[in-house]
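An overview of the molecular structure
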Amino acid sequence: MGTQHADRDRRAEGFRGSVREFISGLVPPDWQGIGALDDAARAEFRKAARVALAERGWVAPAWPVEYGGAGLSAAELVVLTGELSAAGIPFGSDNDAFGIGMLGNTMLRWSKPELLQRFLPKIVSGEYVFSQGFSEPGAGSDLASLALQAEPDGDRWVLTGQKLWSSGAHLANWMFVLARTNRDAAPHRGLSMLLVPLEQPGIEIRPIRNITGDTDFNEVFFDGAVTDRELVVGEVDRGWPVAMTLLGFERGETALHAPIRFRNELDRLIRLVRERGLDRDPDIRRRVAWCHVQVEQLRCHGLRTAEQLIQGEEPGPRAAAFKLLWSEYHRVVTELALDVLGLDALAPAGRPSPNWYHTDDPGAPNSSASWASVYLNARAGTIYAGSSQVQRGIVGELLLGLPKEPKAAP
Ligand SMILES: Cc1cc2nc3c(=O)[nH]c(=O)nc-3n(C[C@H](O)[C@H](O)[C@H](O)COP(=O)(O)OP(=O)(O)OC[C@H]3O[C@@H](n4cnc5c(N)ncnc54)[C@H](O)[C@@H]3O)c2cc1C
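Cut-offs used in this document
Residues numbered from 1 in each chain as written. Predicted model: local features only at pLDDT ≥ 70, side-chain atom pairs only at ≥ 80, totals over all residues. Heavy atoms only, no water. Patch = residues over 30% accessible without salt bridge, like charges linked within 9 Å, V, L, I, M, F, W, Y side chains within 5 Å. Areas by Shrake-Rupley, 256 points an atom, 1.4 Å probe, with all protein chains shown as cover. Salt bridge = Lys/Arg side-chain N within 4 Å of Asp/Glu carboxyl O. Helix = DSSP H or I, 4+ residues; strand = E, 2+ residues; numbered from the N terminus. Buried < 20%, exposed > 50% of the residue type's maximum accessible area, 1.4 Å probe, protein only. Phe/Tyr/Trp six-rings, centres within 6.5 Å; stacked < 30°, edge-to-face > 60°. Lys NZ or Arg CZ within 6 Å of the ring centre and 35° of its normal. Contact = heavy atoms within 4.5 Å. Expected span 1.5 Å × (residues − 1). Near = heavy atom within 4 Å. Polar contact = N/O pair within 3.5 Å; in protein donor to acceptor, adjacent residues only side chain to side chain. Nonpolar A, V, L, I, M, F, W, Y, C, P; charged D, E, K, R; others polar.

1. What to know about a nonpolar patch on the surface
Together, Leu399, Leu400 and Leu402 give the surface a local cluster of nonpolar side chains, amounting to about 280 Å² of exposed area. Relative to the elements of secondary structure, Leu402 occurs in the segment after α11 (388-399). According to the relative accessible area criterion, Leu402 is partly exposed, its value standing at 48%.

2. Remarks on the packing of aromatic side chains
Counted under the stated rule, the structure contains 17 aromatic pairs. Judged by centre distance (4.6 Å) and plane angle (35°), the rings of Trp31 and Phe45 are tilted. Of the two residues, Trp31 is situated in the loop between α1 (2-26) and α2 (39-55) and Phe45 in helix α2; the sequence distance between them amounts to 14 residues. An identical accessibility class is assigned to Trp31 and Phe45; each is buried. Ring geometry for Trp326 against Tyr384: centres 6.3 Å apart, planes inclined by 50°, an arrangement best described as tilted. Residue Trp326 is found in helix α9 (residues 316-341), and its partner Tyr384 is found in the loop between α10 (368-381) and α11; the two are separated by 58 residues along the sequence. Given the relative accessible area of 9%, Trp326 is considered buried. Residue classification places Tyr384 among the partly exposed positions, given a relative accessible area of 28%. The structure contains a cluster of three or more aromatic residues connected by ring pairs, namely Phe262, Trp290, Trp326, Tyr329, Trp356, Tyr357 and Tyr384. Sitting above the plane of the Tyr384 ring, Lys323 keeps its charged end 5.7 Å from the centroid.

3. Observations concerning the side chain of Glu136
Along the chain, Glu136 turns up in the loop between β1 (130-133) and β2 (149-153). You can call Glu136 buried: its relative accessible area is 7%. Contact partners of Glu136, with chain neighbours within four places excluded, come to Leu146, Ala147, Leu148, Gln162, Lys163, Leu164 and Leu178.

4. Points about helix α6 (residues 239-252)
In a regular helix each residue adds 1.5 Å, so 14 residues correspond to 20 Å; α6 covers 20 Å between its end C-alpha atoms and thus fits that length. Within α6, twelve of the 14 residues are buried, which leaves it mostly tucked inside the rest of the structure. Among the residues of α6, those classed as buried are Gly239, Trp240, Val242, Ala243, Thr245, Leu246, Leu247, Gly248, Phe249, Glu250, Arg251 and Gly252.

5. Quick notes on the site of the ligand
Taken together, the neighbourhood of the ligand is formed by 17 residues, with Ser135, Ser141, Trp165, Ser167 and Ser387 sitting nearest. Taking Ser135, its main chain carries an N or O atom lying 2.7 Å from an oxygen atom of the ligand. Within the side chain of Ser167, one N or O atom sits 2.8 Å away from a nitrogen atom of the ligand. Within the complex, 65% of the 980 Å² of free accessible area of the ligand lies under protein. For the shell around the ligand, a count of residues per class yields nine nonpolar, eight polar and no charged.

Purely spatial values, then, with no claim about function.
And the structure:
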């Protein structure tokens, strides 16, 4: 056993050398992280880095090689994630969270090889760009009450209805859509997860402006839109467990790299505290120390969640605990940043964070606009992928075995 572990560790350390070589070929010697680039250079670098990563299978590193991945072991995955994060190199595009982190990982558990072969390599190459179509105006936390209909018509499905809050749908050419395919069945039983091309006449995508002024998410209207009959993940009318697998990935797939980003962000905040001469302020010191403990806790929890995912287990309720932990932490740390900035937070200056919903990039300037935009985005973290209240319900019932929440009278 000991020799096996030693061999595995040696292989992972050897792999570290190839990752470092890759990084030094990709970035100049004075590289400080993608956050130090201006908007145009950032967009160009992200594109080039994604192509280079995809060529090595590293945008989906744990997937089998035949589907465009690199078939990395758990130890190698930890090395790759750590090295790329430390160097401030993005893992892929924003929509990869949907195509790779959520859909591809879910398909590997639920789809037959023909469908995997048809979709996964094109997701890795960037030809197919996905977004997520779960929420609707009448269905968020209570996802099973969704109303978008998909009716069979010969060899196609015809879709009618609306999706809401669809992040990145304006950048996507496909959407995985949870649709009602059987109106007579109980709410959880008549659903199917369909893969739907977005570039067709029956679909309209309307942007929604969020609290930062950006338009990262959308309303998507389906009016007679179509997709092939065989483009179903899992079985027809049995989409609920497939959707639950996917939500587990949505909550847990950042488990390895999110804690590293939070560490980087907290170090940046500590620099800000020093710059502002607040490092002897007892209240600020107490709050920074609390944040440090949370980030350490996230790192440990993240490793456990990631280990589970790598071993092929369903992410399930543990991923809900991880999601609850990071999203609640991120609200608090960004509130602290605004307190440190004081009145400057009311008139943000400098470049805002270019990222949807999470931390600014490694190497980003310590500007008031960066912190103010991340503060606003951090509010969304406790809502998307399931609100904190819902995560607490999952942790209570499924991890701790507490009694079910009482249901409201019909
Ligand atoms: C930034 C952002 C991006 C998003 N991106 C996407 C996307 O790409 N695709 C997609 O499909 N959806 C997306 N969503 C939607 C997201 O999944 C929903 O907003 C979320 O599930 C909550 O649903 P809701 O907004 O309908 O709120 P509701 O479900 O109406 O909840 C309202 C309030 O009631 C509470 N509540 C509801 N049920 C319970 C319960 N059982 N116990 C305790 N409290 C409860 C909630 O916690 C919340 O505080 C996104 C949302 C945001 C904010």
